[in-house]
Amino acid sequence: GALGRYAAVCRDERAARFLVAKSIPVKVSLDGRDKELWTEHDARLGELRAAVAELDAAGKGPRDLPGTPGPSLMDLKYELANRILRSCRFCERRCGADRTKGKRGFCNLDRGTYLSTEFVHMGEEGCFVPSHTFFFVGCTFYCVFCQNWTISRHVEKGMPVTGKDMAPLTKKGRLLEKSRNINLVGGEPTPNLHTILDMLVHLDTNVPVLWNSNMYMGPETMRLLDGCVDVYLADFKYGNDACGWRLSKVREYWEVTRRNHLLAKGQAEVLIRHLVMPNHLECCTRPILEWIAENIGNDVRLNIMAQYRPEFEAHDFPDISRRVSAGEVQRAFEIARALGLTNLDV
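Every chain is numbered independently, its residues counted from 1 as its sequence is written. Local features in this predicted model are restricted to residues of pLDDT 70 or higher, and side-chain atom pairs are both shown and tallied only at a pLDDT of 80 or more, whereas totals for entire chains, interfaces and linings draw on every residue. For side-chain calculations, the full set of non-hydrogen atoms in the structure is used, while hydrogens and water are omitted.

Visitor: How should I be thinking about the environment of Gly70 in this particular structure?
Guide: Secondary structure elements are defined from DSSP: runs of H or I of at least 4 residues count as helices, runs of E of at least 2 residues count as strands, and each element is numbered from the N terminus. Structurally, Gly70 is set in the loop between helix 3 (34–57) and helix 4 (73–84). Separated by 28 residues in sequence, Gly70 and Asp98 have C-alpha atoms that sit 30 Å apart.

Visitor: It is not clear to me how the pattern of salt bridges should be interpreted in this structure. Could you clarify?
Guide: Side chains carrying opposite charge are able to pair once their charged atoms draw close together. When a carboxyl oxygen of Asp or Glu lies within 4 Å of a side-chain nitrogen of Lys or Arg, that pair is called a salt bridge. Per the counting criterion, the structure on display carries 28 salt bridges. When salt bridges with common partners are traced through the structure, they connect Arg89, Glu92, Arg94, Glu220 and Arg259 into a single cluster.

Visitor: Please clarify how the pairing of strand 8 (residues 301–305) should be interpreted in this entry.
Guide: Moving residue by residue along a regular strand, the side chains alternate between the two faces of the sheet. Counted residue by residue, strand 8 has 5 buried out of 5 residues, so it is predominantly covered. Summary of the burial criterion: residues with accessible area below 20% of their type's maximum are buried, those above 50% are exposed, and those between are partly exposed, where the area comes from a 1.4 Å probe applied to protein chains only. With burial as the criterion, each face of strand 8 is covered, one bearing Arg301, Asn303 and Met305 and the other bearing Leu302 and Ile304.

Visitor: Just checking my understanding: could you explain the sheet that holds strand 3 (residues 159–161) for this structure?
Guide: Strand pairing in a sheet relies on backbone hydrogen bonds, with the paired strands running either antiparallel or parallel. By this definition, two strands are paired if DSSP reports at least two bridges between them. Spatially, the 8 strands line up as an open sheet ordered 3-1-2-4-5-6-7-8, and their pairing is mixed. Since the sheet does not close on itself, it has two edges, and those belong to strand 3 and strand 8, each with one partner. Ignoring which end each strand starts from, the neighbouring axes of this sheet average 30 degrees apart. Note: strand 4 (residues 182–185) against strand 5 (residues 209–213), 3 bridges, orientation parallel. Looking across to strand 5, one finds that Asn183 is bridged to Leu210. In what follows, a contact means two residues having at least one pair of non-hydrogen atoms within 4.5 Å. A fitted line through C-alpha atoms serves as each axis, taken over the contacting stretch for helices, and the angle formed by two N-to-C directions is quoted from 0 to 180°. Sheet strands touched by helix 10 (residues 253–267): strand 6 (231–235) and strand 7 (269–275). Its angle to strand 6, the strand with the most contacts, is close to 160 degrees.

Set out below in structure tokens:
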């Protein structure tokens, strides 16, 4: 039930949110000032939410959407994302790099987007496979245990792509390879928000969008994702700031991630992933599960993940230099169930 609308979009019984956004016309010129465009964006976002609710209540799908003769809410989102690139604040590091002039922040990306690979992936949760997955080079974190470190740390340079390049790939995956969704991951999708929105502007196929992320997006990114994302695959790593800084070189992890999980729940359907790590049950697993139980409950799916293994630089950190034990994973499930969390993906 927590992913019921997603399943209906997969069956073409409901319209993906980005298609509804493309049916919402905007009433200002896209050449306007930033403040004017953001005001228009938020006004049309309310219209989008009402349209989704009305369409769903009437049992209408993608074929029932009206056309838009002029610029749409999706075009406006793409314009705003490109403006943010001039002083980048897509993630909560808010480095301010002018990526339009080749400057690079922590993610080490200029305005270009680089794909490590894209393919129809069978390794996600059962409700998501087959999943057309786009692995973006670069990341906003430096996780010392990263299993995709060749992607996140730019060992792989990747293939440069535009949103216009990605749209036909996505259409092919949906229509010919029968993928259930678009799965945006990496690395991390956040630094590539402008390219992803450009892809959605050019895409005319009904397919749910999965934002597979570390959830360290800035407030502007969360506003732009609202109305585009159907499901957040929301990673929840740490239950405190100290572990976030020591193991991922990220500040204010606890505050930012909690905020974004709540925003995500208000925007779309959510599946929260928590990777159980050795020796981190009390400092991370327990506070995360307690917060979920108190603030979100069983309205979202929860995947307590057991596949941790030491990769990349993890052997330099004694607390996480071994695989997680079966006993630690069992204890994580016991904590979840004692807190009343039952919507578990097992």
